[in-house]
Amino acid sequence: MLNNVDTPIQTAHFLDMVRRAIGSDWVHTSATTVNRYGETTLPGADNPPPAVIYPGSVDEVVAIVIAANQTGTPIFPISNGNNISQGSRAPVGPNQVVVDLGRRMNRILDFNEDMGIVTVEPGVSYQQMHDELARRGGRFMIDVTSGPPAGSVLGNALDKGAGYTPYADHFAMTCGMEIVLGNGELLRTGDGALESARSWHMSKYSYGPYLDGLFVQSNYGIVTQAGFWLMPKPPVIRSFAFTFEEDDDVGDIVAAIRPLRMSGFVPTMMRLCNDLWLLASEGPHPNYVSGRSLTDDERRDLQRSHNIGSWTVSGAFYGGSEEAINPMIDRVRAHFAGLGRGRYISHDEAMEAPTLASAVAAYSGVPSVHEMKQLAWRPGGGMASFTPGVPMDRDLILRSSRKSREILQAHGLEYLKMYVCGPRFARGLHHLLWNRTIKDEDCAADQAYKALAAAYTEFGLQVGRSPIRYQDFHMSLLGAMTRKTCEAIKDVLDPQGIIAPGRYGIGREAIG
Ligand SMILES: Cc1cc2nc3c(=O)[nH]c(=O)nc-3n(C[C@H](O)[C@H](O)[C@H](O)COP(=O)(O)OP(=O)(O)OC[C@H]3O[C@@H](n4cnc5c(N)ncnc54)[C@H](O)[C@@H]3O)c2cc1C
């Protein structure tokens with residue numbers, strides 16, 4: 001492992017080697033560039049890297065990794081760096097040179113229209129992929145996030161990102177990767193290891209240990225391409241939604257969702273959003289006062305003016321025609337009617353309501369900037385995701401949701417929450433929003449995040465990913481054997497510890 005990793009002399013030597021390998025046009029050190037790459041929306045100071053480099057091919061990535069090994073320089077790879085609310089483009093530790101793959105390696109390398117498979121470089125974005133699929137006649141769709149359309153399809157999958165259609169699990173939809181390991185060697189996973197491979201991006205688990213998973217939420221290598229499976233686009237997509245009045249309705253709603261998802265009757269993930277998740281996607285805080293969260297009365301007024309309740313749940317059906325789908329909508333309406341409360345919102349009504357149209361876009365594989373408006377809820381642009389997974393259990397959902405509201409209000413912040421509901425488990429996304437330019441608010445956001453993490457640990461619940469500044473903390477909550485195993489793998493694949501030391505709490509001793 002590296003010690004005393006970065007001195008200015010080491011970095012300068014590294015950058016000289018990189019300039020020779022990839023050309024000086026692709027090595028940027030200006031204050032404007034490094035400050036831009038160091039910016040985050042997280043609590044605490046930004047972390048500008050010493051330089052940003054832009055490789056244009058896998059050979060150039062190999063050359064960069066070899067130079068990093070020879071000079072002991074830590075590097076931090078990003079695809080498009082749209083990791084907003086988790087660290088954006090900034091490296092996880094000090095003095096890590098950012099390797100921006102997306103700027104030049106942004107090609108769709110192959111499109112197999114028979115099999116519905118694309119092979120992409122790191123810079124291919126959701127918007128680019130969506131537009132290409134439309135250009136080719138719209139036979140296929142890609143599952144998108146409700147985050148930035150400029151986000152990388154590959155970068156998101158490597159961070160265990162997810163969406164909302166039956167193809168929501170983005171890593172699950174990858175098949176076969178090419179990786180430059182931390183020691184500079186090139187690995188093709190799965191059937192790609194066979195010289196004459198014809199099924200690299202078709203046979204998921206292939207022969208021998210399944211290696212692809214090692215490169216997700218880790219720092220063992222730089223992924224330079226991967227295969228992705230595409231969903232055939234259904235002729236008709238119709239959403240449905242129900243809105244419920246009371247904060248405490250959340251437990252009963254989850255209990256109603258579970259059988260719909262377990263049986264597979266509803267094919268999409270079901271988005272269960274609270275009032276402020278939807279309203280903050282609409283416009284700025286109506287009455288922002290630093291250090292104070294909206295009162296319940298103010299929140300009720302907002303609900304009334306936008307015609308939504310405390311919780312709104314939605315999903316979608318796919319089919320050959322509206323006539324084929326309507327009976328399914330009738331069944332889901334009858335199912336929720338069993339709760340004795342809740343107002344039905346039709347697809348057509350949702351399309352007219354900006355608060356709900358983004359959900360319809362997500363179920364349809366259409367990138368949207370809608371939820372990005374949350375960044376402007378308060379001035380000062382602070383945003384952090386807290387992402388616990390919660391079993392689809394009525395009581396646990398109710399108790400943990402109450403706790404989240406209590407903690408955030410105690411820190412003068414609003415409670416924004418979306419449960420992305422699967423059959424047994426929901427990702428409970430919290431977006432903490434605050435004014436980063438006010439020191440007290442920035443501290444409050446940090447304390448609120450830590451209080452949420454402590455409370456959910458007590459519930460026995462762990463996050464699915466985390467902002468870079470909390471990655472080591474979340475790793476420390478797991479048993480020591482997990483970290484030990486991760487470190488042992490790091491020692492083999494990246495013995496100098498040059499790739500993103502400290503990412504997900506792995507290789508952190510390299511950064512002291
Ligand atoms: C309002 C809002 C809504 C959001 N909704 C969603 C959502 O619905 N679903 C969701 O998943 N996310 C969501 N996000 C989070 C985030 O914006 C996305 O995950 C975004 O797509 C990540 O950026 P990227 O794809 O450009 O990946 P990057 O930032 O490039 O990559 C993510 C991380 O993976 C690592 N990495 C990237 N590429 C490589 C590589 N080639 N080799 C090795 N390591 C690599 C890097 O360390 C990087 O930090 C949302 C964010 C906001 C602000």
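The shown structure was predicted, so the numbers you read here are calculated from the model rather than taken from an experiment.

**Re the overall build of the protein**
Now for step 1: Check the secondary structure of the protein and you find 15 helices and 19 strands.
Now for step 2: Relative to the compact-globule value of 24 Å for 512 residues, the protein shows a C-alpha radius of gyration of 23 Å, a close match.
Now for step 3: Projected onto its principal axes, the C-alpha coordinates of the protein cover approximately 70 × 55 × 40 Å.
Now for step 4: For the protein, with 512 residues in total, the buried portion stands at 57%.
Now for step 5: Sequence separation of 24 or more characterises 75% of the internal contacts of the protein that already satisfy a separation of 6 or more.
Now for step 6: For the protein, the centre of its 47 positive side-chain charges and the centre of its 55 negative side-chain charges are spaced 2 Å apart.

**Side note on empty space enclosed by the protein**
Now for step 1: Applying the stated rule across the entire model yields five cavities of 30 Å³ or more.
Now for step 2: Quantified by volume, the largest cavity comes out at close to 80 Å³.
Now for step 3: Lining the largest cavity we find Tyr126, Met141, Ile142, Asp143, Val153, Tyr167, His170, Met173, Phe228, Trp229 and Leu230.
Now for step 4: Here the lining of the largest cavity is built from residues that sort into nine nonpolar, one polar and one charged.

**Thoughts on the pairing of strand E5 (residues 108–112)**
Now for step 1: Sheet analysis places E5 next to strand E6 (residues 117–120), joined by four bridges and oriented antiparallel. What sits directly across from Phe111, in E6, is Val118.
Now for step 2: The loop that links E5 with its antiparallel partner E6 comprises four residues; one of these, Gly116, has a positive phi angle of about 65°.

**Quick word on the side chain of Thr387**
Now for step 1: Mapped onto the elements of the fold, Thr387 is located in the loop between strand E16 (381–386) and strand E17 (389–391).
Now for step 2: Residue Thr387 is classed as buried on the basis of its relative accessible area of 3%.
Now for step 3: From its side chain, Thr387 meets the backbone oxygen of Arg465 in a polar contact 2.7 Å long.
Now for step 4: Those residues in contact with Thr387 that sit more than four places away from it in its chain are Arg427, Gly428, Leu429, Gln462, Val463, Gly464 and Arg465.

**Details of the domain arrangement of the protein**
Now for step 1: Domain parsing of the protein yields domain 1 (8–103 + 489–511), domain 2 (108–232) and domain 3 (237–467).
Now for step 2: Relative to domain 3, the C-alpha centre of domain 1 lies at a distance of 35 Å.
Now for step 3: Contact residues are listed per partner, giving 12 residues for domain 1 and 16 residues for domain 3.
Now for step 4: In this structure, Arg436 engages Asp46 in a salt bridge whose closest nitrogen and oxygen atoms are separated by 2.8 Å.
Now for step 5: Its residues assigned to classes, the side of domain 1 that touches domain 3 shows five nonpolar, six polar and one charged.

**Concerning the side chain of His370**
Now for step 1: Following the sequence through the fold, His370 ends up in the loop between helix H11 (354–363) and E16.
Now for step 2: For His370, the side chain forms a polar contact with the side chain of Glu282, separated by 2.9 Å.
Now for step 3: Aside from chain neighbours lying at most four places away, what touches His370 is Ser281, Glu282, Pro354, Thr355 and Ser358.

**Structural notes on the pattern of salt bridges**
Now for step 1: Tallied over the entire structure, the rule returns 32 salt bridges.
Now for step 2: Two residues, Asp252 and Arg394, come together in a salt bridge whose shortest N-O distance is 2.4 Å. Linking Asp252 in helix H6 (residues 250–262) with Arg394 in helix H12 (residues 394–410), this pair joins segments that are 142 residues apart in sequence.
Now for step 3: Assessed through its relative accessible area of 44%, Arg394 is described here as partly exposed.
Now for step 4: Salt bridges here are not isolated pairs; linked through shared partners, they connect Glu113, Glu132, Arg135, Arg136 and Arg139.

**Details of the sheet that holds strand E4 (residues 97–100)**
Now for step 1: Read from one edge to the other, the open sheet built from four strands follows the order E1-E2-E4-E3, with strand pairing classed as mixed. At either margin of the open sheet sits one strand with a lone partner, and together these are strand E1 (27–28) and strand E3 (75–78).
Now for step 2: Relative to strand E2 (residues 52–53), E1 is paired through two bridges, and the arrangement is antiparallel. Paired with Val27 across the strands is Ile53, a residue of E2.

**A short note on the site of the ligand**
Now for step 1: Neighbouring residues of the ligand: 31 residues in total, closest Ser79, Ser152, Ala162, Tyr164 and Arg465.
Now for step 2: Between the ligand and Pro77, the relevant distance is 3.4 Å, taken from an oxygen atom to a main-chain nitrogen or oxygen of the residue.
Now for step 3: Protein contact buries 97% of the 960 Å² of open area that the ligand shows by itself.
Now for step 4: Secondary-structure elements contributing two or more residues to the shell around the ligand are E3, helix H5 (153–158) and strand E10 (221–229).
Now for step 5: Residues that form the shell around the ligand fall into these classes: 13 nonpolar, 15 polar and three charged.

**Considering the nonpolar core**
Now for step 1: Among the nonpolar cores identified, the biggest contains 82 residues, and Phe14, Ile75, Leu272, Phe336 and Tyr419 are the most heavily contacted of them.
Now for step 2: A domain-level breakdown of this core finds at least three residues from each of domain 1 (8–103 + 489–511) and domain 3 (237–467).
Now for step 3: With residues near it in sequence (within four places) discarded, Phe336 still touches Phe242, Phe244, Ile253, Ala256, Ile257, Leu260, Met270, Val313 and Arg341.
Now for step 4: Judged by nonpolar contacts, the second largest core, of 32 residues, contains Tyr164, Tyr318, Ala362 and Leu433.

Reading the values: the criteria
Residues numbered from 1 in each chain as written. Predicted model: local features only at pLDDT ≥ 70, side-chain atom pairs only at ≥ 80, totals over all residues. Heavy atoms only, no water. Helix = DSSP H or I, 4+ residues; strand = E, 2+ residues; numbered from the N terminus. Rg over C-alpha atoms; globule rule 2.2 N^0.38 Å. Buried < 20%, exposed > 50% of the residue type's maximum accessible area, 1.4 Å probe, protein only. Contact = heavy atoms within 4.5 Å. Lys, Arg positive; Asp, Glu negative; His and termini not counted. Charge placed at Lys NZ, Arg CZ, Asp CG, Glu CD. 1 Å grid on protein atoms, 1.4 Å probe; cavity = no way out; pocket = protein on both sides within 12 Å on 5 of 7 lines; lining within 4 Å. Points joined across faces, edges and corners; volume = space filled by probe spheres on them. Nonpolar A, V, L, I, M, F, W, Y, C, P; charged D, E, K, R; others polar. Pairing = 2+ DSSP bridges. Polar contact = N/O pair within 3.5 Å; in protein donor to acceptor, adjacent residues only side chain to side chain. Domains from an automatic or database assignment. Salt bridge = Lys/Arg side-chain N within 4 Å of Asp/Glu carboxyl O. Near = heavy atom within 4 Å. Areas by Shrake-Rupley, 256 points an atom, 1.4 Å probe, with all protein chains shown as cover. Core = buried A, V, L, I, M, F, W, Y, C linked by side-chain atoms within 4.5 Å.

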